[in-house]
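# Observations on the three-dimensional arrangement
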Amino acid sequence: MSFTATQIAQFHRSAHSNCDLSLRLQANKVKTAEADAAAQVSKTKSALFARGHKWEKHLYDILHDQRLLIHLQKDSATGDTWDQFIRAVQDDNRPLFYLFGLEFHAPEHLSQIEIRTLKPDFVRVEKEGSKTTLTVIEAKSSASLKVSHQIQICIYALALAESLKTNYPDVSISDEGIVWMPPTLTTSIWPSVIDDVSVQNATFSISTVQPLVTTILNKRIPHILKQELEAVEWGVGERCAGCEFEDGCSIRARKMGDVSLVGGSRGKERAALKYAVDSFRRKQSQPLMQTKIDASSEKDWNAFWKSDQSNFPISDVHDLHAALHDAEFIASLRAQSPTTFSSLGKILCLQVVVPVMGQVERCSMSESPVIQCALQSKVVPKSQPYLLFPRVEHDSMHFSVLKDPESDKIVAISFLHLSRKSGSVTIECNTMIGSSVAEQINLPKALVTRIAASVKATVRAAREPPRIQFYVFSINEREDLINMLLNEACGTQLETNAYLVDVQFCMNALVDNPDVLRAPFFPSELIHYASLGLGSNVPRLKADLQYYLQSLEGTMSVPTGTVVALKERLAAIVGEKVGPSLIPRIAVIKDALSATCAFPLFRLTLESVTKFFDIPTPSTEDDLFALWTRDGGLSDELKIDMMNRSIAQANLCDRLRNMLAEANLIQKVLVNSLPPFQVINLKLSDDPLLSRLMFATQYEMVRDLQEVRSSRFLETEMILLKYCGPDDSFPKTFKVLSNLSAIQSSINGQTGATDISNDFKKFDWLLVDCNKLEAGQSFNDLLHMNQLRNVANQYVRLALDETEIMQIGAAVSFANVENVVDNIVTLDLVIARNAGFTLKTLDRQPKHFALMRRYVDWNTSKIARALIDVEVLRLQRVATRVPAPLMIRLLSENNAFNEIEFQSSSAHEDLEIEGNLYTTYREIYNLEGLRDHERVLHFLDSQHRAMKGILKNVVSVVWGPPGNGKTHSLALAALRLIEINARKNRPYRIIMSAFTHEAINNFMEKVQELLKIRKSLLFQYFDKSEWVEQLEVSKLEYSNDYVIPTSNWCICAGTVWCVVPVAVRKSEWALTTYIPPLCNRSFAKTFQKYPNKRHSFDTLIIDEGSQFLTCHAALAFQAIDSTDVRSKKVIIAGDDKQLSPILKGLYPTDPAVRPIFGSILSCIMRSNSHLTHMLKENFRFVTPLCKFTQQLYTGTTDGFDPRRGNQGLIRDAVQIWKNGSDTDRAMLFNTLMWKATETPLSTIVLSKALDLQSSLEDHIHREADLVVKLVRFFHTIEPEATMFVITPHRLQRTIITKRVTSELGPELLSKHTVKIDTVERMQGRQADIIFACFGFSSHSPTFHNELDFIYNIRRINVSLSRPRAMCILIASHNLLNPPAFVLNEAQSREGFSHLLRFQRASSYVEWGGSGEDEIVLEALLEELTV
Ligand code: SF4
């Protein structure tokens, strides 16, 4: 049994396609000509293969023409011929050339499996003196570097290195692997030279990939090959697309009653189902294994399954069914593994699966429609509400998308417009093909123009607004279309404003909640800022008024009248509810099918379901792609086949609707009737970047909203409450009947430092009457956001209008969780006035309620306001010919910061004063007798360079790894700026903002500490300094008694939401009196109370800039913006290798597009590197930790300057441990302490024996065992040491916190000796000892599904860079030997590489085997003592 390198690599091509059984069947395949001919090779695969060959040949020709190629003869480097090969290479005098045609055999000891002849595409030869370096290069016609490429190249490189290492010391193999890829996938513009511009040169490190490849070759594949065939892991589902064994596996699944029959279940879900079945069988003492099959080849295997004897007595699905009816088993499963229990509910479509349901009479536990479907092999309607499939429609548009799997680009789109008028149907068909690069670039435009024209024509022709619905088959198609349009809306291709409106119009139609994107969510701010508040010096006021009136009134004709009349007309509209209600615009047919019905199909593809419904089956995606590659998109056949897919979709919708109607389920299933189609796009800004930023900000909100809403539909384990009272007052208390942990974890999640919106009481829950659950599920969050927006900050009780009362008032109230004690939750409620759901409802029977998450977002509105404010400022400056405001310049002008006018106006003078101060503080620093902490006012080398940069420029970036004193440098810089200006007798005010309260508190503490030292030195070394006494240092907190500092010298800090009221513009204050309803009442209140306290600031400091979105910066910038930008300063500090904001949209990555969609730090750093100053002194780490972290930032272990670090702690701990008589002498601690003197880094790997525990909870409990032991041990020997337990998952945090509290007492946590929290909330903090808990990764199903999350380099960097003295990584074998798919993304590749570095630099101990940790190693102790 032998494999080619390509086969091994292909087996690992993607996380979802990988199947052990397919490898095994491949290996067992009977190799005959007939079998090969019969094997169905995917057309997509063969098309790609042909293209790959073409690309390789193309590169060969280029190198040949450039005389850079040696074409080796066949077998040129096998056996004895290596000498000949090396001589040929060394005799060639060229310093650089390439080899083609190298073929050789892998050395035997490289792998435990037989590898066939290796044939790398090219080998680059570089010579320097007597040294020769060989680099393996593969030619791939892909668009990106893939896992399979890396594995293939790594096998070549390892085999070459092994073959040459003994006899040829002057020849080395490069650690770099290279893939040459074409710049695009069209043959017409393949390059004519090989250089970095023409050819995509993807590189990776062989040494990172090597451990994975070694495992694959020596463990993973040999293990699969050794197993009994029936024991090899498998499961039919989505991944089987294109697999040649699908028929056989489908038969097998049916005969075995395999869990694959539960439609739509994938890896993690299948594991949960298997776990439930196996647990049930264990409980019943049933056998877990199947009968042995006598099959030595794939032919025997298939024959066996097709034969009659293969009906197995054991069926997973039958047992699953039986398990669901065993209440005792279900209760124990729920107690032992809530995650499995919850997955079970979701997969099996059990609406409410909790034992308490007996009390509330909603138990659908008895029969799962999904199980029924699997048992009876027929479609079973699920009878659950589904939001996005309409009951009625006039017109429908059906889209079909063809994507090139290699380039990930859309190459063809078809859409079918069916217009149904008075019984007749008109059909408009369109298929757009991107057969060339130019056409692909123009595809979005062609689509947008067609859709817009088509819909507008329909709307114009209709007597009443028509009901139009959009459809796609799969969520992928919808995402592809949205991302294409998002790129269009946010990228560089926009041509005209009218086109932008059309793009946004199409986006509106494609997302679930278009209200946001078409902007009626902000009408008051929009009009308030952009029209009414502008005054006479802004051009096009009348045109703007006409535009908004036209949009808001929905008229086709342009409104006429004077500016005053138009203003009055507009003012009359503002404040009223604008635009139609929430409209579901797009239906994803596949989702509708799987949400409303259970199908006896392994994969719901358009082809499979049309067959099922007896509709003409369209061509498969594979067939379409083959047509596209065959003819370059030129054939009519492709166009017809694309259109047939759209027609099939339309038929499918009709059939589904009819079927549900026949089953009398349509009212229940299709909860939405479709309102008329009426999309209004409001123009937000004339500036394209601002406009895009605004659009993206709102799009992010839409995605959040979508998640919350769909979670309400999919939730199967609800939070159920029983009302307790009091009857006559608020807040109310409820007993939690189920899912208490969901409330607890959300409370924990809210109180953290990273929750910047926590300045408000959000009422972010819905309390729903259990008898009217659908009212909660289909609750329109956005509509009620509008209603609540102006009142929520003041906690005013809600008054809804009559219609809304009809819709929700009788069943739903808004709730804020005040606290949870034991299983009693206290809720403050906002109840609709006059609604059916009143205080009395609470008293009546039944008293059961469900608590559901509500979508609340006050912040997007504020950001929108800030961006519009920038737009107004920009317009005013255009009118007065003054340079654009700072925010605009920051967004749009790549080189703006080079200009003289953008350098600080006082730079020269300031630098001179700073020079004098530097000398003074250095003298103090060098004074004898001064205590260490008194020396901190002196800037060290890199800090001083940063300070000079700050003084020179308006904008500067202070960048540094963890522990390099960013906060200290910022605080010192703030004091120094004030001191410099005080020397000029100039008042100076500084405002600081950050993403987390933690960062703000740290900054404030640092400023206070430095100021105190400065004051203590006052009389000794300085003349009387007025500023030192007068400097006001305060934290801005959001409250009704909001205080804005008024002193001449002040430093204040607050989250960006607290900075807003400080920064609010004077024009807004004027407008609050002009049209009071338009303005946020809290602002009005603030200014009524403190009308004279508003001052502008001179410097804005943003800390943790990597988490601060560019749109947040628009808010913060308001605090300093002025007409004289050069007199202001912005200092942004951060670390781009720590956690960044999580964005849901895929924004343009084109280097030509300014990176405005991420953090402000990356926005500035990427194109203004000369403004960046790196801090090099390190004040946190002990030297080995410093060297380890340094590698990530600079690639070497030198360069940082470790100054402090709690070195003494390790020394003391080892000493105490050696001397102590009552310290734990288990092997684990012996090893840890013994090694601690060599390295403060330790890796503790959970023994594989623990992996037998199969539920996630079991794994976390074992990890918690270890954490408890470690915390106890270190606390015993070093009671003063602070410890962090970093848990990537919230579930880990919950379990470990409980265990530490119950076994070690609550004081450790309450006194902050130990903190347990997620990575996100540990960023910016530090402790003496860190336990980074990645042991949960031993749970394989979770681990395999979370590779991107676990190996994210930023998350790993933050986890491992918190300690001052010691860092202990709790790992699993999985974590250190991940599947190759970890190489898929650059972020996770880098994360894995960083973990490997840690492991190599750390001590290593395995824990949890059979009593190992209890063994006392006296010999070890003695050795240490000696
Ligand atoms: S059909 Fe699916 S389960 Fe069967 S071998 Fe192929 S990928 Fe594996």
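Residues numbered from 1 in each chain as written. Predicted model: local features only at pLDDT ≥ 70, side-chain atom pairs only at ≥ 80, totals over all residues. Heavy atoms only, no water.

Attention shifts here to the overall build of the chain. The secondary structure content of the chain amounts to 59 helices and 37 strands. Within the chain, the proportion of its 1426 residues that are buried is 59%. For the chain, long-range pairs separated by at least 24 residues make up 77% of all intrachain contacts whose partners lie at least 6 apart in sequence. For the chain, the computed accessible surface area is about 56700 Å², with 50% contributed by carbon and sulfur atoms. (Helix = DSSP H or I, 4+ residues; strand = E, 2+ residues; numbered from the N terminus. Buried < 20%, exposed > 50% of the residue type's maximum accessible area, 1.4 Å probe, protein only. Contact = heavy atoms within 4.5 Å. Areas by Shrake-Rupley, 256 points an atom, 1.4 Å probe, with all protein chains shown as cover.)

Take the sheet that holds strand β37 (residues 1403-1407) next. In space, the six strands of this open sheet follow the order β34-β33-β35-β36-β32-β37, with parallel pairing throughout. Both edges of this open sheet fall to β34 (1314-1317) and β37, since each of them pairs with a single strand only. Each strand axis lies, on average, 20 degrees off the axis of its neighbour in the sheet, ignoring direction. The pairing of strand β33 (residues 1283-1286) with β34 spans four bridges and is classified as parallel. Looking at β34, one finds that Val-1285 is bridged to Ile-1316. Those strands touched by helix α51 (residues 1290-1304) are β33, β34 and β35 (1327-1333), and its axis lies near 155 degrees from that of β34. (Pairing = 2+ DSSP bridges. Axes fitted to C-alpha atoms, helices over the stretch in contact; angles between N-to-C directions.)

With that out of the way, let us pick up the sheet that holds strand β21 (residues 824-830). Strands sit in the order β17-β18-β21-β20-β19-β22 around a closed barrel of six strands; the barrel is antiparallel. The sheet shows a mean angle of 45 degrees between the axes of neighbouring strands, taken without regard to direction. Sheet analysis places strand β17 (residues 719-725) next to strand β18 (residues 732-738), joined by five bridges and oriented antiparallel. Bridge pairing in β18 places Lys-722 opposite Lys-735.

Attention now goes to the environment of Ile-194. Considering the arrangement of structural elements, one finds Ile-194 in the loop between β8 (176-181) and β9 (200-205). Sequence separation between Ile-194 and Leu-59 is 135 residues; the distance between their C-alpha atoms is 7.7 Å.

Take the pairing of β37 next. A one-sided burial pattern is seen for β37, the buried positions being Ser-1403, Val-1405 and Trp-1407 and the unburied ones Tyr-1404 and Glu-1406. By the bridge criterion, five bridges tie strand β32 (residues 1241-1246) to β37 in an arrangement that is parallel. Counted as the bridge partner of Val-1245 is Glu-1406 from β37.

Following both chains from N to C, one finds helix α36 (residues 907-926) and helix α37 (residues 941-952) inclined at 155 degrees, their axes separated by 9 Å at the closest point. The orientation of α36 with respect to α37, classified from their angle, is roughly antiparallel. Like other packed secondary-structure pairs, α36 and α37 cross with a definite hand, here right-handed. Contacts between α36 and α37 involve Ala-907, Asp-910, Leu-911, Glu-914 and Tyr-918 from the former and His-944, Met-947, Lys-948, Leu-951 and Lys-952 from the latter. Counted by class, the contact of α36 with α37 contains five nonpolar, one polar and four charged residues. (Parallel < 35°, antiparallel > 145°, perpendicular 65-115°, else oblique. Left-handed = near helix turned anticlockwise from the far one by under 90°. Nonpolar A, V, L, I, M, F, W, Y, C, P; charged D, E, K, R; others polar.)

When pLDDT is averaged along the chain, the result is 78, and 78% of the positions lie at 70 or above. When mean pLDDT is taken per element in the chain, β33 scores highest with 96 and helix α43 (residues 1066-1074) scores lowest with 35. Here residues 786-808 is modelled with pLDDT under 50, and outside its nearest four sequence neighbours on either side it reaches 53 contacts, counting other chains as well. (pLDDT = per-residue confidence, 0-100.)

There is a patch of like positive charges on the surface, built from Arg-945, Lys-948, Lys-952 and Lys-1176. Mapped onto the elements, Lys-952 comes out in helix α37. (Patch = residues over 30% accessible without salt bridge, like charges linked within 9 Å, V, L, I, M, F, W, Y side chains within 5 Å. Salt bridge = Lys/Arg side-chain N within 4 Å of Asp/Glu carboxyl O. Lys, Arg positive; Asp, Glu negative; His and termini not counted. Charge placed at Lys NZ, Arg CZ, Asp CG, Glu CD.)

Before going further, it helps to examine the pattern of salt bridges. In total, this model carries 38 salt bridges according to the counting rule given. Notably, a salt bridge pairs Arg-1299 with Glu-1303, separated by 2.6 Å at the nearest N-O pair. Taken together, the residues span about one helical turn, with Arg-1299 and Glu-1303 both in helix α51 at a distance of four residues. On the basis of relative accessible area, Arg-1299 is assigned to the buried category, the value being 15%.

Right, let's talk about the side chain of Asn-981 for a bit. Summarising the element assignment, Asn-981 is placed in helix α38 (residues 966-983). For Asn-981, the side chain forms a polar contact with the main-chain oxygen of Leu-977, separated by 2.8 Å. The contacts of Asn-981, once residues within four sequence positions are left out, are Arg-986 and Tyr-988. (Polar contact = N/O pair within 3.5 Å; in protein donor to acceptor, adjacent residues only side chain to side chain.)

To continue, consider the site of the ligand. Taken together, the residues surrounding the ligand are Cys-19, Ser-22, Gly-235, Cys-240, Cys-243, Phe-245, Glu-246 and Cys-249. Along the lines of polarity and charge, the residues of the shell around the ligand split into five nonpolar, two polar and one charged. (Near = heavy atom within 4 Å.)

On to the nonpolar core. As a rule of thumb, nonpolar side chains are buried together in soluble globular proteins. Counting residues in hydrophobic clusters, the biggest one holds 270 residues, and the most contacted among them are Ile-8, Leu-348, Ile-451, Leu-1270, Phe-1274 and Tyr-1351. By size, the runner-up hydrophobic cluster in this structure holds 47 residues, among which are Leu-975, Ile-978, Ile-990 and Val-1033. (Core = buried A, V, L, I, M, F, W, Y, C linked by side-chain atoms within 4.5 Å.)

What follows covers the packing of aromatic side chains. Taken as a whole, this structure holds 23 aromatic pairs when the rule is applied. Between Phe-734 and Phe-849 the ring centres are 5.9 Å apart and the planes differ by 85 degrees, which places this aromatic pair in the edge-to-face class. In this pair, Phe-734 is assigned in strand β18 and Phe-849 in strand β22 (residues 848-853), connecting sequence segments 115 residues apart. Each member of the pair, Phe-734 as well as Phe-849, carries the same accessibility label: buried. (Phe/Tyr/Trp six-rings, centres within 6.5 Å; stacked < 30°, edge-to-face > 60°.)

Attention shifts here to helix α58 (residues 1386-1401). A rise of 1.5 Å per residue sets the reference length of α58, with its 16 residues, at 22 Å; its end C-alpha atoms lie 23 Å apart and thus fit the reference within 8%. For α58, the complete set of buried residues consists of Ser-1388, Arg-1389, Gly-1391, Phe-1392, Ser-1393, His-1394, Leu-1395, Leu-1396 and Phe-1398. (Expected span 1.5 Å × (residues − 1).)

Here we come to the pairing of strand β3 (residues 96-100). The element β3 is largely enclosed, with a buried count of four among its five residues. Of the pairings in the sheet, the one linking strand β2 (residues 69-71) to β3 comprises three bridges and is parallel in character. Bridge assignment links His-71 to a residue of β3, and that residue is Phe-100.

Let's shift gears to the environment of Ala-1281. By secondary structure assignment, the location of Ala-1281 is in the loop between α50 (1256-1277) and β33. Judged by its relative accessible area of 0%, Ala-1281 is buried. Between the alpha carbons of Ala-1281 and Ala-1213 there is a distance of 9.8 Å; along the sequence they are 68 residues apart. Non-local contacts of Ala-1281, meaning those with residues more than four positions away in its chain, are made with Leu-1209, Thr-1313, Asp-1328 and Ile-1329.

This next bit is on the packing of helix α47 (residues 1183-1194) against α58. α58 packs onto α47 with a crossing angle of 155 degrees between their chain directions and a minimal axis gap of 10 Å. Classified by the interaxial angle, the pair formed by α47 and α58 is roughly antiparallel. Helix-helix and strand crossings are classified by hand; for α47 and α58 the assignment is right-handed. Between α47 and α58, the contacting residues are Phe-1188, Gln-1191 and Leu-1192 on the first element and Glu-1390, His-1394, Arg-1397 and Phe-1398 on the second. A breakdown of the residues in the contact of α47 with α58 according to their chemical character gives three nonpolar, two polar and two charged.

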